[in-house]
Amino acid sequence: MPRHLSPLLAAALALVVVVAMTAHIIWQDRQRTIARTEAVVADMAKVVESHVRHTTKGAAIALRQAAALVDEAGNLEAVRRDTYWRRLRDALANMDGGETLWLFDAKGNGMVGTGRQQDRPLNIADRPHFQAAMAGADLVISPALRSRLDNRIVFTISRPIRDWTGDIIGVASTGMRTDWLVNFYALMSFGLETTVTIFRTDGEIVARYPDLASHLGKNNRNGPLFREHLPQFPVGGFWSRSVLDGKERLAAYRLIPDLNLVVYAGIDSGSVFAAWRVRSLWFIGEVGLTTALVLFLLVWGARMIHREHHAQIRMLEAVSLTQQLGAELHQARRDPLTNLPARGLFLELAEEMRLSASKKGTFHAFLYIDQDGFKGVNDQHGHEQGDKVLTMVAEIMRRMTRDDDLIGRLGGDEFVICLSGHSPDVRTVATSVAARIIKEVCDLDLGVGCSIGIALTAGKCSDLACSLRQADAAMYRAKQMGKGAWSIHEPAQ
């Protein structure tokens, strides 16, 4: 083979290897992105299901109380008396997400109501949920609909009212806020374009985030969720294009058979892969630029490479040694047990985040975390068990935070987390993360809990030390509240 072809062949082989490795790395990153997103939507669906059950349970209790009032008063008309009406109003006040509570006679006429415009004449005889309750259905959850009181979008939960003989004499019905079921949990996606929907098992929409108004009255029974997935599995996840708005999403769903409801949480495919695309483009650009430069040098300087071979080896050894020393120095500033930044490194990184936030107009929240009962674990089971507890708690914090958040171990059983965001979202995210960490640590069932203090940089503090002192003080207030709780520092404190 001619000598001048050897560099060209080597360059072509190197190019093939680089392209294959680049494609493999990008594909692996894509799979990890999908896996993380699947975990997010699955957790969202699980939490929303729990909230739906809690809300409907509270509404069912209030409706039973309303039916009991009718039995106690003797008839529907008698509930208008002030004594009974006040008790009906109290039942509504104790119901999460409730807007109105009405009692209807067998003809659908509103006999007595509480909440908005309770004195307005109202008849719902043509409403399917009223007809279902009159037919004997024990608990009927309607799709989202326009209220005849003020045209607001609500959904209703209804049950029949029976007299002492068991005959149905009317219906107790409560109007519920649709946003109560879904809006808060959509924030769990941390900036991703999220859709949370509650469906009835017939495909009708009970609640949706976002843009419920434009989907009012639509039905999803012909979508892949109801045609393909629910008939096979009550819980699952899938990729599909929505028949409601035409968007492709990575979604998770959970069937609630006793309520005839389906919880759906989805993240738009463009949002799922947005960060991955940016990372991939930067990576391809960097690899392409580096490869082009290397190939150029390989072809142009083949003879020089041979001549300078030994010098390059020494240079590469020096670079490798420098990188190794730098890596060892960086690792030395990390906690050897949890691999989290130790106090010094955490303070440096947090100060950089604080200065960057002040330029961007964003804020930070500091979560000061102390383990409850940790000394008892060390005393009873030894330091090996204590180290295991600290490692598991650190892993929980990693799962509860985003990639750009900062976690550090200050020493002993004390940790601190720095979250960033815009006011007031950063406050909501901080309290949500704190509550989830407390629950996850408690669920370990290892004899430990945690108390968390929260301080926001939107307060009067102008430096990092002040914010940490406020978070530390809030943590002690959480311990004084009985431990296993979080407390947030308020400006008045």
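Note: the structure precedes this text.
Described in the following lines is the structure provided in the data block.

Cut-offs and rules
- Residues numbered from 1 in each chain as written.
- Predicted model: local features only at pLDDT ≥ 70, side-chain atom pairs only at ≥ 80, totals over all residues.
- Heavy atoms only, no water.
- Helix = DSSP H or I, 4+ residues; strand = E, 2+ residues; numbered from the N terminus.
- Contact = heavy atoms within 4.5 Å.
- Expected span 1.5 Å × (residues − 1).
- Buried < 20%, exposed > 50% of the residue type's maximum accessible area, 1.4 Å probe, protein only.
- Arc of directions from axis to C-beta.
- Pairing = 2+ DSSP bridges.
- Axes fitted to C-alpha atoms, helices over the stretch in contact; angles between N-to-C directions.
- Phe/Tyr/Trp six-rings, centres within 6.5 Å; stacked < 30°, edge-to-face > 60°.
- Polar contact = N/O pair within 3.5 Å; in protein donor to acceptor, adjacent residues only side chain to side chain.
- Salt bridge = Lys/Arg side-chain N within 4 Å of Asp/Glu carboxyl O.

Within the fold, Ile26 resides in helix 1 (residues 5-73). Between the C-alpha atom of Ile26 and that of Leu281, which follows or precedes it by 255 residues, the distance is 9.6 Å. Apart from the residues within four sequence positions on either side, Ile26 is in contact with Trp276, Ser280, Phe283 and Ile284.

What follows covers helix 2 (residues 82-93). The end-to-end C-alpha distance of helix 2 is 16 Å, a good match for the 16 Å that 12 residues give at a rise of 1.5 Å each. All of the buried residues along helix 2 are Tyr84, Trp85, Leu88, Ala91 and Leu92. Buried residues in helix 2, looked at end-on, bunch into an arc of 115 degrees, giving them a common side. When the buried face of helix 2 is taken as reference, the exposed residues oriented beyond 90 degrees from it are Thr83 and Ala93.

Here we come to the sheet that holds strand 12 (residues 363-372). The strand order 13-14-12-15-16 describes an open sheet built from five strands, whose pairing is mixed. The open sheet has two edge strands with one neighbour each: strand 13 (406-411) and strand 16 (486-488). Neighbouring strand axes in the sheet, compared pairwise and without regard to direction, differ in orientation by 20 degrees on average. Two elements, strand 12 and strand 14 (residues 414-421), share eight bridges in a ladder whose sense is antiparallel. Opposite Asp370, over in strand 14, you have Glu414 as the bridge partner. Packing against the sheet, helix 11 (residues 383-400) makes contact with strand 12, strand 13 and strand 14, and its axis sits at approximately 5 degrees to strand 14. This element, helix 13 (residues 464-480), spans strand 12, strand 14, strand 15 (449-456) and strand 16 of the sheet and lies at about 140 degrees to strand 15.

Between two aromatic rings, the relevant description is the distance of the centres plus the angle of the planes. Here the structure, examined in full by the defined rule, presents seven aromatic pairs. Measuring from ring centre to ring centre gives 6.2 Å for Phe199 and Tyr264, while their planes differ by 75 degrees; the resulting arrangement is edge-to-face. With Phe199 in strand 7 (residues 194-200) and Tyr264 in strand 11 (residues 261-268), the pair connects residues that are 65 residues apart, well separated along the chain. The pair formed by Phe199 and Tyr264 is uniform in burial state, with each residue classed as buried. When the ring of Phe273 is compared with that of Trp276, the centres are 5.7 Å apart and the planes differ by 65 degrees; the resulting orientation is edge-to-face. In this pair, Phe273 and Trp276 both sit in helix 6 (residues 269-300), three residues apart, roughly one turn of the helix. Side by side, Phe273 and Trp276 carry an identical accessibility label, which is buried.

Counting buried positions along strand 1 (residues 98-105) gives seven out of eight residues, so the element sits mostly inside the fold. Across seven bridges, the pairing between strand 1 and strand 6 (residues 168-177) is antiparallel. What sits directly across from Trp102, in strand 6, is Ser173.

Attention now moves to the side chain of Thr174. Examined against the element boundaries, Thr174 turns out to sit in strand 6. At 2.8 Å, the side chain of Thr174 and the backbone oxygen of Thr100 are in polar contact. In this structure Thr174 touches Ala59, Leu63, Met95, Gly98, Thr100, Leu101, Phe155, Thr156 and Ile157, once residues within four positions along its chain are discounted.

A word on the pattern of salt bridges. Pairing between side chains becomes possible if they bear opposite charge and their charged atoms approach one another. This model, assessed by the stated rule, comprises 26 salt bridges. Shared partners join several salt bridges into a network, and the residues in it are Glu49, Arg53, Arg254 and Asp258.

This part covers the pairing of strand 13. With five of six residues buried, strand 13 is to be regarded as a mostly interior element. Pairing of strand 13 with strand 14, which is carried by five bridges, proceeds in the antiparallel orientation. Bridge pairing links Leu406 to Cys418 in strand 14. What sits between strand 13 and strand 14 in their antiparallel hairpin is a turn of two residues, with Gly412 showing a positive phi close to 60 degrees.

A separate point is helix 11. With 18 residues, helix 11 extends 26 Å from end C-alpha to end C-alpha; this agrees with the ideal 26 Å at 1.5 Å per step. Among the residues of helix 11, those classed as buried are Gly386, Val389, Leu390, Val393, Ala394, Ile396, Met397 and Met400. In an axial view of helix 11, the angular spread of the buried residues amounts to 155 degrees, which keeps them on one side of the axis. Of the surrounding elements, those touching the buried residues of helix 11 are strand 12, helix 10 (374-381), strand 13, strand 14 and helix 12 (425-443).

These values are about where atoms sit, not about what they do.
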